[in-house]
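Next come the chains, spelled out residue by residue.
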Amino acid sequence: MEKDKLNSLLRQVEKPARYTGGELNIAVKDPEKARIRFAFGFPDLYEIGMSYMGLQILYHILNKTDDIYCERVFSPAPDMAELMRKEDVPLFTLETKTALRDMDVVGFTLQYEMSFTGILDMLDLGGITLFAKERGEDEPLVIAGGPCAYNPEPLADFIDVFLIGDGEESLPDFLLKYAGAREKGMTKAEFLRSVAADTGVYVPAFYEPEYNEDGTIKSYRKLYDKAPDKVERCLIDDIENVDFPTDLIVPFIETVHDRAVVETFRGCTRGCRFCQAGMIYRPVRERKPETIRELAEKQIMSTGHEELSLLSLSTSDYSRFEELATGLMEECMEKNVSLSLPSLRLDSFSFNVLNEIQKYKKSGLTFAPEAGTQRLRDVINKGITEEDIYGAVRQAIELGWRQIKLYFMIGLPTETDEDLDGIAEIASNIVRLHRESGRGGRFNVTVSVSNFVPKAHTPFQWESQDTAAEFRRKHDYLRTRLKMKNVTFNYHDDEVSRCEAIFARGDRRCGKLLYEAFKEGCRLDGWAEHFDPEKWAKAAEKAGIDTDFYTCRKRSADEVLPWDIIDCSVLRSYFEKEREKAYGEETTRDCRYGCTGCGINRRTKCAMGGIYE
Amino acid sequence: MNRYAMEFSKTGMIRYTSHLDMLRLFKRTLRKTGVPLAYSQGFNPHPKLGFAQPLSLGYEAKSDYIEFETVTPVDTSELLTKTAAAMPEGITVSRCVPVLDNVKSLAAMVVSAEYTITVPEALYSGRDPGEFTTAFLAQDEIVVKKRRKKDKKLVETDIKGKIEALKLSGDRSLYLRAHCGSASNLSPDLVIDALIRFSDADVKKYDFDVSRDRLIFSGEWEDDF
């Protein structure tokens, strides 16, 4: 791209460093020498995308080989997007300022449903034809992966290939295969047929859904007989064997998380019934404490970061957590680096750790009971009791914490107003604990309530979401109940949650809604200031989509679900069994205390299964 | 007290990195070199370092300075080499020198600065660039609208007294020397505003390019020993 033009644009926008590239540790290569050029697209702003560790991991792994040049591209903010359209400047990669349409492959990571319009915007700004079937041979191949690819159908019209599951091995393999195919002069269609049977590869063009009269899916018709009936996710058996980056890219501008990060383990054994991550990342695969410490040390050396954090679904579930935390604390102290440990289970050891690392600056303590009564917590299998919370709060108050944050979900299956009362009760009990402690001073309990969005590949995948009216009634109800001193009440917008729910379990017809929403100008829908429910309503009308069909409709057990095409390696029968147990208010143990039969061990070794038996 | 100053240039795309982000960049980079930076006392200690003069977002710099303190004396040439190796493209550190003990901070000693302003050709609207520049300077007063800090109101102000020199330095570039620093400061942005106003041509502020070429201090601060 012309330098003068870019400079002129950058002088007119907010935070121009979002678009300059050139950060520390980026890959500098001669694009001519790479066999394949890949744009890693994150469909949200730079500050969000650069805080996502998956990008750093894949960027590092892809750029290790000279055959691949992986560059980055993010959603431009509205001011930049508008200027680019006005000045006819195509969306470009940060590393070499190459227009997206001139890349070989453009890939998007699907981290949350509300970023989907960003994908269409980025393709359009990048000069790439939106619909996969209309895209020319000379245009890039468009691929996608990440958790939302486990229900790929709403994006099926726009994406050539979805890569399901762990990407560290599958993504470089796939890209090199494509490089080889093009060198041999194969067409895109020929290439797609050649990889259709590879693990983790889902090519939507090889399948055509047929619908029943009531709008549900009748079946999937295969258009290419060698395409698999079900696409099995890619799974790395031992994450010790895959490379983890120590040379993280260090952004110039402040991002959401500006810190060194080491992934301690992947997966979770707790089995919360609403949680998709807890299902699709099974089994738990840990890194060794020595590896983690070494990675942390190298990252700090290579980045100059002043903060270190650990990444997993539940920090203190790491099997050798005490040993690891103690070691890291010493290391950080010595190096003047602050340690941040998210999602700790608040037992006495964790308290000592927290007290040590937050000596002067005590941030709030966070609990996620998710539901207000023991009954409902049993339904969702959230293994936390009120005594756990109160015991921890008592200790926290003693140690000087003054801010408690509580996370709940509303609209969960079987929920009644009694469960909402329970939320208020927990908040008021915590306030009372502080009063009784006689410690006085400022004290605040923040209650944050999100709206339940049923997700694919979970025991609750058949459940109905609450209607908008019901969500609003519950918000009002809670607002009245939580009007108490020292309590702050926050809740999520119900329109956003409904929109999220459409795409979380949507079928291929939702692509039309997405396209209409894009045309209406919907962008950055995860941002409250950009989400526009009126535009979405208009888009739904134009697309002829009855949103209730996707949100507040209970699916029957024998319904063909849009995501049945994807095999997440956890048994459908396990989800059914878990759902029945939910209705019976019956809990399922953490599988470290004994296998619960989810079926993942048919595919791989379950190293943590039953270790505490 | 071990005071040092490092001279650096900032060119290319990194010019879109703001003053505060530059501070973070230097902080991280110096940490990486292992230099024993002196920290402030208190609950939230931070390293003692600061730029001689902030630089506006989008400007290049040819010779800016960052000043810092260390707990023990350091080998400046070794530190310079390490810092140079750890800097991203666009930041070139050229010198690291000790600062005299008994002087004020560099920031307090900056009085003026020299700039190169690259202007769009259209600015001259066909007039001779030299004649244009002379006529511009010959105005009795050079009035621009400036946002007042205290109430954010746009007020007219005469900047002529703060311009020490302005002359043609190339077909499309001007040399500007102007007040800079805490006592009296003139942003080249305002000079650009005035140029646009004087010219009446349809040029936009973002068609101009600014480089700060030199900072001028009120006294000697380099420790030669």
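It should be emphasised that the depicted structure is a prediction, and the values quoted were computed from it without experimental measurement.

Visitor: Could you give an account of the overall build of chain A, naming the residues involved and the relevant values?
Guide: For chain A, the helix and strand inventory stands at 20 helices and 19 strands. On C-alpha atoms alone, chain A measures out to a radius of gyration of 24 Å, which is about the 25 Å that the 2.2 N^0.38 rule sets for 613 residues. Seen through its principal axes, chain A has C-alpha atoms that stretch 75 × 65 × 50 Å. Within chain A, the fraction of its 613 residues that count as buried is 60%. Sequence-distant contacts in chain A: of pairs separated by 6 or more residues, those separated by 24 or more amount to 76%.

Visitor: I'd like a description of the domain arrangement of chain B, backed by residues and values.
Guide: Residue and element names in this part refer to chain B. What the domain assignment lists for chain B is domain 1 (2-99) and domain 2 (110-216). The centre of domain 1, based on its C-alpha atoms, is set 29 Å off from the matching centre of domain 2. If you look at the interface, domain 1 gives 12 residues, while domain 2 gives 14 residues. When the area that domain 1 buries against domain 2 is broken down by residue, the three leading residues are Q53, Y59 and K62, summing to 52%. K62 is paired through a salt bridge with D213; the nearest N and O atoms lie 4.0 Å apart. Our enumeration of links across domain 1 and domain 2 arrives at nine residue pairs in polar contact (both at pLDDT 80 or more). Among the residues making up the side of domain 1 that touches domain 2, the classes are represented as six nonpolar, two polar and four charged.

Visitor: So, the pairing of strand β3 (residues 60-70) of chain B: which residues are in play, and what are the values?
Guide: Residues and elements named next belong to chain B. Counting buried positions along β3 yields 10 of 11 residues, so the element is predominantly enclosed. Here strand β1 (residues 2-10) pairs with β3 via eight bridges, running antiparallel. The residue of β3 that forms the bridge with R3 is E69. The sheet contact formed by strand β2 (residues 49-51) and β3 spans three bridges and is antiparallel. Paired with L49 across the strands is F68, a residue of β3. As judged from the two bridges shared by β3 and strand β10 (residues 209-217), these two strands associate in the parallel manner.

Reading the values: the criteria
Residues numbered from 1 in each chain as written. Chains lettered and ligands numbered in written order. Predicted model: local features only at pLDDT ≥ 70, side-chain atom pairs only at ≥ 80, totals over all residues. Heavy atoms only, no water. Helix = DSSP H or I, 4+ residues; strand = E, 2+ residues; numbered from the N terminus. Rg over C-alpha atoms; globule rule 2.2 N^0.38 Å. Buried < 20%, exposed > 50% of the residue type's maximum accessible area, 1.4 Å probe, protein only. Contact = heavy atoms within 4.5 Å. Domains from an automatic or database assignment. Buried area = accessible area lost by both parts, 1.4 Å probe. Salt bridge = Lys/Arg side-chain N within 4 Å of Asp/Glu carboxyl O. Polar contact = N/O pair within 3.5 Å; in protein donor to acceptor, adjacent residues only side chain to side chain. Nonpolar A, V, L, I, M, F, W, Y, C, P; charged D, E, K, R; others polar. Pairing = 2+ DSSP bridges.

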